[in-house]
Structures are given as structure tokens and as C-alpha cells.
Amino acid sequence: MAPAAMTFASSLSDAQPVPFWLEDPGKPAPLPALTGDEQTDLLVVGGGYSGLWTALLAKERDPLRDVVLIEGREVGWAASGRNGGFCAASLTHGLANGLARWPDDMARLEELGARNLDAIEDAVARHGIDCDFERTGEIDVATEPHQLDELRETHEEAGRLGFGGLELLDRDAVRAEVDSPTFLGGLWDREGVAMLHPAKLAWGLKRVCLGLGVRIYENTRALGLSSAGAGMAVRTSYGRVIARRVALGTNVFPSLVKRIRPYTVPVYDYALMTEPLSPEQRAAIGWRNRQGLGDSANQFHYFRITADDRILWGGYDAIYPFGGKVSAEMDHRPETYLKLAGQFFECFPQLEGLRFTHAWGGAIDTCSRFSAFFGTAHGGRVAYAAGYTGLGVGATRFGADVMLDLLAGERTERTGLEMVRRKPLPFPPEPVAWAGIGITKWSLARADAHGGRRNLWLRTMDRLGLGFDS
């Protein structure tokens, strides 16, 4: 191993292979599993953000509605407890992606996204959820010259459409915010992103749901879905739930509605967490305004500072397992951790000697348009939302409202959106999916290395509205 690689490896020698967020001492004790049969008005399947928001909003819409939530492991243990803690207003995976797909609806989508983030902030305050919520915004940073042009184009387009809150930063301005020799400029979204502790948000939502009368069963995996008279039955390991309506918040895990499984694939994403920075280390990088950051490459990094002055550094590798199988074996990838460590110290050479305390991964539900899709099954008695592609911390609350609208059979400003009415293109079966995703990843890396120039494959994918992202 080369000397530089040895240095990066040594920074990982004490890193625990567990998500930093889930080790918090405030983690609640698990609730008992379901045994026997239950009956309810609404069954929510999944104890991540999608399911928790659905249960909470259902009770707020109708406090007398009986709601049951089942979770296969513990609330927040999957993507909701192991993400970067970026809570974005965007419902469309960014302005450019939304304009490319739904230009006529974009003003409404931006408005709904902003209202959704405001509602999350209000719920956190109103219910006393201690999740380190900080609405500090996010800076997209350019580390290559062609990325500066892309950021300027986004800023100009946002201005033409009347979308405010974006500030273009030159090299000196962005380095005055966070100092890295790799930063050439940035685009600061001051209002549209909040930082938070993701597991504490999930646990807080669990507490609120219980307080509203939601019955939550953990370690209760949903094994099958079938009709039961005028309602639906969901079979579990030790029992069954009979419900008038069912909302599926299972996201990356195989849907109980089998026909929608081809619309998502699991993509494994990885992150490192440093030890707390010393005052001298903190002064060396600045970061007084505590924004989230992400670089602008196709293979991008996301990074933020925590409440106790650690740095979370994640992204870059997006690993698709052949066959799309979700497996605990994929939760850790030492070769990716080593790569991320090297890239961290390239970004922040002034932090040489800093060590990582945690390293982990997890699966993201990716769809071909990079943002959630919605629908119903079984004559409108079942609703689903999936495909958030990494932006589910905020957008799942919007998705919960959509599912409740669909189950109620209501036409609302949400259900009237083309984004809600139409689905993305599904992924092809294996081995075509594996080959296509592999070619796409190679092409994206090549574009990063060649001034952002997209080859014929990527241009064709763009025309077809297809993509692959984490």
C-alpha cells in the first residue's frame, strides 16, 4: 500500500461499522411485535419517515381514525436513521431535474416543497422533537471549471422563473464560508435546506404518533397483502392486520404490490463520520454558518457539520447489487471507506490527522426520474409512494399527504400534479439492468473527467427521461 493510502487507512482504524446516528443514547426501547389479529381503519406499513408521517398526518386529519403502524425491524433503523441529515424543500431532486420533467408544474412544485419544509419545521417545534434542526441551507460547490458554468446557469434560470433564495458565490466568497482549496465557487440555497439528526427525527415522530393514539408494532414484518371483504389483510410473522385502507411506506424494500417493484432499484451509499473537531481544526475550515454542502460532480459528495462539530462525509460511490437484492452484507464496503477517506483529506488537507469514528452504508430507493412516484392498487384501498432517490428526509412528508389524498379519493393540488399522475419508466429485467447501470456509471465518471461532456449513451438516456443516481 502506498504511503498516502496507509495514512488514509490509519484514519479509519478506530471507525465503528455502525451508523453514527443510531448509537445516540436517546434511542427508545423497541416496542413489542404484533401477535394475533388486529383490525383498524388505516394500516401503515413501514416505520421510516414515509410511514411515520403518514400515521401522524392521518391522525391530524381525523383524530378519531384508528391507525396501526407495523415495522419489520425498529423505527428509523434503515434509510431514515442512516442518511446524511439533509432535509430539503425540493420535491423534484433539484430545480434542473424538475424543469426537465415537469416545466408546467414547476412553480407549484417549488411552492409545495417550500410549504412542506415549513410544515416539518413547525411540527418539530410544535411537538418538541429534539433533532438538532438547523435551517442553515446548502451550498452546491464547484470543484471543476465546467461546474461553475452549470451553477451560473441554474442561478440564472431560477432568477428568470422568479425562484429566489439562491446566492451565487465566487471562489473567495465560498471559501470564506467553508475553506477548501478545491472550492472554485458555489450556489447557496439559504432557505431550502435544513440540517438535522435523522434518527432523532424518526424517534421523535414515533413518540408523537404514540401520543396521538397510533398503535405501533416493531419487529413485525409484512409478509403478504390480500383482499379481505371490503378491506385488506396484511399477514405478519405472528398475526394479521385487517384494515379498510393500507399505506405502503416500504420504499427500498420489495413492495407488497408486486407490479411496482420494477420501478425502483436499491443503490448503496456510504458515509464516514469524524471525531469532534478541536477549536483549532474548526478555525482552519471556518464553517461558521453550518450549511450543508455538496459538490457538483455526477459522482458527488455530500458533507455537513453536526451539533457536536463532527463532519459527516458521504457519497461518491453508488453501488447497485446484481439482481437488485437488498442485503445486510452490502451495508459495509471497506474499499469505499478508504476511497472516501482519501477524498476527504484532498478536500480538507488542513485537517490531516483527524480520525473517523464511524463508517456505514445503506440502501436508497432509486427510480429512473430521481424523485418519488405514487399510485394506488386493489381498487384504491392501497396507496404507495417510493423512489425518493436520496431526498426522502423532507419529501416523504409530502408523499404521506399524497397517499392520504389518494386513499380518500380526493382531487387536491397534490394529486392533480403530473408528477403524481404519471410514473417513471421502469428498470429493465436482469441482466439488462446490471449492464445498463454499469454503462451509465462509467459514462458519468467519464463526463466528470472530461469537463462534464456527456457521451452518446448519456444524451440518449436524457432524451428518454432515464437516469441513475443516489
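All of the points below concern the structure found in this document.

Cut-off values and rules
Residues numbered from 1 in each chain as written. Predicted model: local features only at pLDDT ≥ 70, side-chain atom pairs only at ≥ 80, totals over all residues. Heavy atoms only, no water. Pairing = 2+ DSSP bridges. Helix = DSSP H or I, 4+ residues; strand = E, 2+ residues; numbered from the N terminus. Axes fitted to C-alpha atoms, helices over the stretch in contact; angles between N-to-C directions. Contact = heavy atoms within 4.5 Å. Phe/Tyr/Trp six-rings, centres within 6.5 Å; stacked < 30°, edge-to-face > 60°. Buried < 20%, exposed > 50% of the residue type's maximum accessible area, 1.4 Å probe, protein only. Lys NZ or Arg CZ within 6 Å of the ring centre and 35° of its normal. Expected span 1.5 Å × (residues − 1). Salt bridge = Lys/Arg side-chain N within 4 Å of Asp/Glu carboxyl O. Core = buried A, V, L, I, M, F, W, Y, C linked by side-chain atoms within 4.5 Å.

### Let's talk about the sheet that holds strand β15 (residues 311-315)
Step number 1: Here we have 8 strands laid out as an open sheet, ordered β5-β6-β4-β13-β14-β15-β12-β16, and mixed in their pairing. Looking at which strands have only one partner, the edges of the open sheet turn out to be β5 (166-169) and β16 (356-366). Across this sheet, the average inter-strand angle for adjacent strands is 20°, counted without regard to direction.
Step number 2: In this structure, strand β12 (residues 265-274) lies alongside β15, joined through 3 bridges in antiparallel fashion. Residue Ala271 lies in a different strand from β15, and its bridge partner there is Gly314.
Step number 3: Helix α10 (residues 334-347) rests against β12, β14 (301-305), β15 and β16 of the sheet, and its axis sits at about 50° to β12.

### Describing the packing of aromatic side chains
Step number 1: According to the stated counting rule, one finds 20 aromatic pairs in the structure shown.
Step number 2: With a centroid separation of 6.1 Å and an interplanar angle of 85°, the aromatic rings of Phe86 and Tyr302 are classed as edge-to-face. On the criterion of sequence distance, the pair formed by Phe86 in strand β3 (residues 86-88) and Tyr302 in strand β14 is long-range, its members being 216 residues apart.
Step number 3: Here Phe86 falls in the buried class, since its relative accessible area comes to 15%.
Step number 4: Residues Trp313 and Phe344 carry aromatic rings whose centres are separated by 5.6 Å and whose planes lie at 85° to one another, so their mutual orientation is edge-to-face. Pair noted here: Trp313 is in strand β15 and Phe344 is in helix α10, with a separation of 31 residues, a long-range link.
Step number 5: Taking the relative accessible area as the measure of exposure, Trp313 reaches 2% and is therefore buried.
Step number 6: Here the aromatic cluster, defined as three or more aromatic residues joined through ring pairs, consists of Phe8, Phe183, Trp287, Phe303, Trp313, Phe344, Phe345, Phe348 and Phe356.
Step number 7: Positioned over the ring face of Trp77 is Arg73, at 4.0 Å from the centre of the ring.

### Describing helix α11 (residues 392-408)
Step number 1: For α11, spanning 17 residues, the distance from its first C-alpha to its last is 23 Å, which sits close to the expected 24 Å at 1.5 Å a residue.
Step number 2: The buried count for α11 comes to 15 of 17 residues, which makes it a mostly enclosed element.

### Describing the pattern of salt bridges
Step number 1: Using the criterion set out here, one finds 35 salt bridges in the structure.
Step number 2: Residue Arg115 is joined to Glu111 by a salt bridge in which the shortest nitrogen-to-oxygen separation is 3.2 Å. Here the residue Arg115 and the residue Glu111 both occupy positions in helix α5 (residues 106-126), the gap between them amounting to 4 residues, near one helical turn.
Step number 3: Residue class for Glu111 comes out partly exposed when judged on its relative accessible area of 38%.
Step number 4: As a salt-bridge pair, Asp405 and Arg414 come within 2.8 Å of each other at their nearest N and O atoms. This pair shows no difference in class: Asp405 is buried, exactly as Arg414 is.

### With respect to the nonpolar core
Step number 1: Residues Leu42, Trp53, Leu201, Leu205 and Phe374 are the most contacted members of the largest nonpolar core, which totals 56 residues.
Step number 2: Considering each element in turn, this core owes the most residues, 8 residues, to α11.
Step number 3: For Leu42, the contacting residues outside a window of four places in its chain are Ala58, Arg65, Asp66, Val67, Val68, Ala243, Arg245, Val246, Ala247, Leu404 and Leu407.
Step number 4: Counting residues in hydrophobic clusters, the runner-up holds 35 residues, among them Ala15, Phe183, Ala341 and Phe345.

### Focus: the environment of His93
Step number 1: With respect to the helices, strands and loops of the structure, His93 is situated in the loop between β3 and α4 (95-101).
Step number 2: When its relative accessible area of 17% is taken as the criterion, His93 is described as buried.
Step number 3: Sequence separation between His93 and Ser371 is 278 residues, and the spatial gap between their C-alpha atoms is 5.8 Å.

### Here's the deal with helix α8 (residues 198-211)
Working note: α-helix, 3.6 residues per turn, so residues spaced by three or four point in the same direction.
Step number 1: The end-to-end C-alpha separation of α8 is 20 Å, in line with the 20 Å expected for 14 residues at 1.5 Å each.
Step number 2: When you tally the buried positions in α8, you get 11 out of 14 residues, the bulk of the element.
Step number 3: By the burial criterion, the buried members of α8 are Pro198, Ala199, Lys200, Leu201, Ala202, Trp203, Gly204, Leu205, Lys206, Val208 and Cys209.
Step number 4: Just downstream of α8 lies Gly213, where phi reads positive at about 100°.

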